[in-house]
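If you want the building blocks of each chain, they are given just below.
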Amino acid sequence: MNNVFGLDIGTRNVVGTVGYQTDDKEFVVTAQYVKEHETRAMLDGQIHDIGRVAKTIKEVKDELEKQTGQPLEEVCIAAAGRVLKTVTTHVEYEYAQESVVTGEDVHTLDLLGIEKAQEALKEVNDTSYKFYCVGYSTVKFFLNDEVFISLEGHKANKIGEDIIVTFLPEDVVDGLYAAVGQAGLSVANMTLEPIAAINVAIPENYRMLNIALVDVGAGTSDISITRDGSIIAYGMIPHAGDELTEVIVQHFLVDFNMAESIKLQSTTSDTVTYKDIMSIEHTIPAKDVWDVAAPVVDNIAQEVSAKIRELNGDKTVSACFVVGGGGKIHGFTEKLAEDLDLPEERVALRGEEVLGDVTFEQEDIKKDPLLVTPIGICLNYYDQRNNFIMVRFNGERIKLYDNNRLTIVDAALQAGFPNDELFPKRGTPINFTVNGVARLVRGEAGEGAVVTMNGKPASINTPLEPNSEIIIEPSTAGEAAVYKISQLDEYNHSVITFIINGRRVSCPRFVQVNGELEPEDYSIRENDVIETRNYYTVRQIAQFMDLVIDTDQMIFVNNEEADLDTLVYENFSVEWKTDEYGVARIDNNNYNDTQESDNTVARTSEQMMNQVLDELHDDFAKEAEASAVPENELSENELPKNDIQEEIHEEDSSENTITVIVNGEPIELSGKDTYIFVDIFTHISFDLQAGKGRAIATVINGRDAQFSEELHEGDKIELYWKEN
């Protein structure tokens, strides 16, 4: 049989239990060992000295390994603490069509309830604590809105449950994990101490009754309430057996360990023998100890009864069971019965009678209330084993339902890690228009998220390991897009031609941005409206040709008298007289008509722009109001034929573009040499946090695919949430 190793890490003792459950639900204890802490390393159920607690755990582990003759590597534990929070909530899950409810469906429902409870707690948490789920219990199941005892195997359109979820501060949980880890163990399962205790002390057939269970330990008293067949509430108070020990220390002038001995002797014998700090031995009646402890017993009973009433809707219960070593002190059950307004026989210690289904292979072990919680911790493993695994994600401990297919990306989704920080991000793009045609220049591609598990490089598809440490450094955005006017095809390859004194002269088109002329080194901005001007003035043509016009002579444009500011459009003729002129070198002239290069006067647009830009800013508005030439008179064969896709291809000519089909819709991927499955998330709308416990189906061409699988032209991709 496969043994289960459970540890009850209490404020005073560490109780280790090893055993297994038979097919008929009997639990067989093959080994058990109890070890007291050498010092007060724990207070109120919380670890204060991790090293010392780890040492005690290690001693218990070593002893149990000797008893069983086998190594112990995994352990089940239970948490306790004074700052316990509980949230009760209702969750539902609706099938797409009537389906048979499976065990996995029920576990998914549990996970939905835990997530909802976590969100509810975040909204009302007014403390500095960060809370972690340590256990849960189902109050009621619902099948198609009807109350059911069990869901599995039934057909349903909708299932639901009321669930009570318990939380403790994360530092309490971290302390337990650290101590167990230092002892060479890993956590197989964790629950809450009152959950472990109630599963043994109050069987399901008793839970129709309104019963309280009180587990009085050394540092805390843990309380559970049942009613109508369910566990309805959990609570804790920081008052328990150590308070009794402390008053004995003060009264009898002994150290803490001797006071513990006095307390225990007073519950089993009529007389108590002890040595005080002066090494003087005393023998006293047990009644003397009872009298000293009575005020503290009364106070603990009052605190417990008040908490029970609070958890039970401000009213008493029908009966109360007490377990744990602290509950054995003389007079406690009687005082608790008085405070709960119950007959004394309805408040009783539970021990041997609730351990009827437990068999001890060690004959010297006596069935005792002290053993209820340790046995319950082991049994809880069978209730919740393999349902969840726990990992630490970027410093936060999270619990995931284990479907045997968990990867790091599942942990990221559960932790609420932003989707866009998992995958590479491009820098900010630039959207603009050129002559009314939309253009897009993409930013540079960034770096993907850096993923490590237990300090080793990993990927988002790496399978999760229980209790692993996962760190994801968010992906980075690439450089923002930068694009200048000089990079536009319209600027470099589009020209405007005039006929000057009978000769054809080709000039670059001026570019205006948002109505203002800009030089070639202007960086295009978001939503810029860019237009190439389809005219020059007479003055600008002369400046481009490096001529000085004789202003004493007449100037004609299309045979009509003109001046230096007259607008000249495509193929207009200009007649003038010049005083002097210069001609750009032929090897620098990008604009000459090739058939008449010997007669063409030209120079570069950069030279021209630098010379005239200042003047044009002042008089551009006036020029724009001048007579315009109808569009049908403009030469269209030299205008650019670009649209948004052509622009992207021109500006990213080294990059590869492919088209894939995602859920029946064609998606074009561009901007990279190769593409992998996760690249589609930047092109589609798919909420990666909407899983609610379901797995993502990733299919390429009819077969299951990984997130990192390479995509090819025409691939057919299916992406959806699997229905449980």
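Fair warning: this is a prediction, and the values are worked out from it, not measured in the lab.

## What about the pattern of salt bridges?
Enumeration over the complete set of coordinates arrives at 23 salt bridges. Linking Glu38 and Lys55 is a salt bridge whose minimum nitrogen-to-oxygen distance equals 3.3 Å. Taken together, the residues Glu38 in the loop between β3 (27-36) and β4 (42-43) and Lys55 in helix α1 (residues 50-68) connect sequence positions 17 residues apart. Since its relative accessible area comes to 48%, Glu38 is described here as partly exposed. With its nearest N and O atoms 4.0 Å apart, the salt bridge here joins Asp228 to Arg227. Several salt bridges share partner residues, and in doing so they unite Arg12, Glu36, Glu260 and Lys263 into one network.

## Observations regarding the packing of helix α5 (residues 241-252) against helix α6 (residues 256-268)
Following both chains from N to C, one finds α5 and α6 inclined at 110°, their axes separated by 8 Å at the closest point. Judged by the angle between their axes, α5 and α6 are roughly perpendicular. Listed contacts from α6 to Gly241, Asp242, Leu244, Thr245, Glu246, Ile248, Val249 and Phe252 of α5 are Phe256, Ala259, Glu260, Ile262 and Lys263. Classifying every residue of the contact of α5 with α6 gives seven nonpolar, two polar and four charged.

## So, the confidence of the model for the protein
This prediction gives the protein a mean pLDDT of 80; 86% of its residues lie at or above 70. In this model, residues 581-654 is a region of pLDDT below 50 whose contacts with residues beyond four sequence positions or in other chains number 132 contacts.

## Side note on α6
With 13 residues, α6 extends 19 Å between its outermost C-alpha atoms, agreeing within 8% with the 18 Å of an ideal straight helix rising 1.5 Å per residue. Buried residues of α6: Phe256, Ala259, Glu260, Ile262, Lys263 and Ser266, and no others. For α6, the buried positions fall inside an angular range of 160° around the axis, keeping them on one side. Lining the buried residues of α6 we find α5, β15 (271-275) and α7 (286-311). One side-chain oxygen at the N-terminal end of α6 lies 3.3 Å from the backbone nitrogen of Asn257; it belongs to Asp255.

## Some words on α7
The end-to-end C-alpha separation of α7 is 35 Å, in line with the 38 Å expected for 26 residues at 1.5 Å each. Of all the bends in α7, the largest measures some 50° and sits at Ala293, one to four residues before the proline Pro295. Positive phi appears at Gly313, one or two residues downstream of α7, with a value of about 75°.

Calculation notes
Residues numbered from 1 in each chain as written. Predicted model: local features only at pLDDT ≥ 70, side-chain atom pairs only at ≥ 80, totals over all residues. Heavy atoms only, no water. Salt bridge = Lys/Arg side-chain N within 4 Å of Asp/Glu carboxyl O. Helix = DSSP H or I, 4+ residues; strand = E, 2+ residues; numbered from the N terminus. Buried < 20%, exposed > 50% of the residue type's maximum accessible area, 1.4 Å probe, protein only. Axes fitted to C-alpha atoms, helices over the stretch in contact; angles between N-to-C directions. Parallel < 35°, antiparallel > 145°, perpendicular 65-115°, else oblique. Contact = heavy atoms within 4.5 Å. Nonpolar A, V, L, I, M, F, W, Y, C, P; charged D, E, K, R; others polar. pLDDT = per-residue confidence, 0-100. Expected span 1.5 Å × (residues − 1). Arc of directions from axis to C-beta. Polar contact = N/O pair within 3.5 Å; in protein donor to acceptor, adjacent residues only side chain to side chain. Bend = angle between axes of the 7 residues up to and from the residue.

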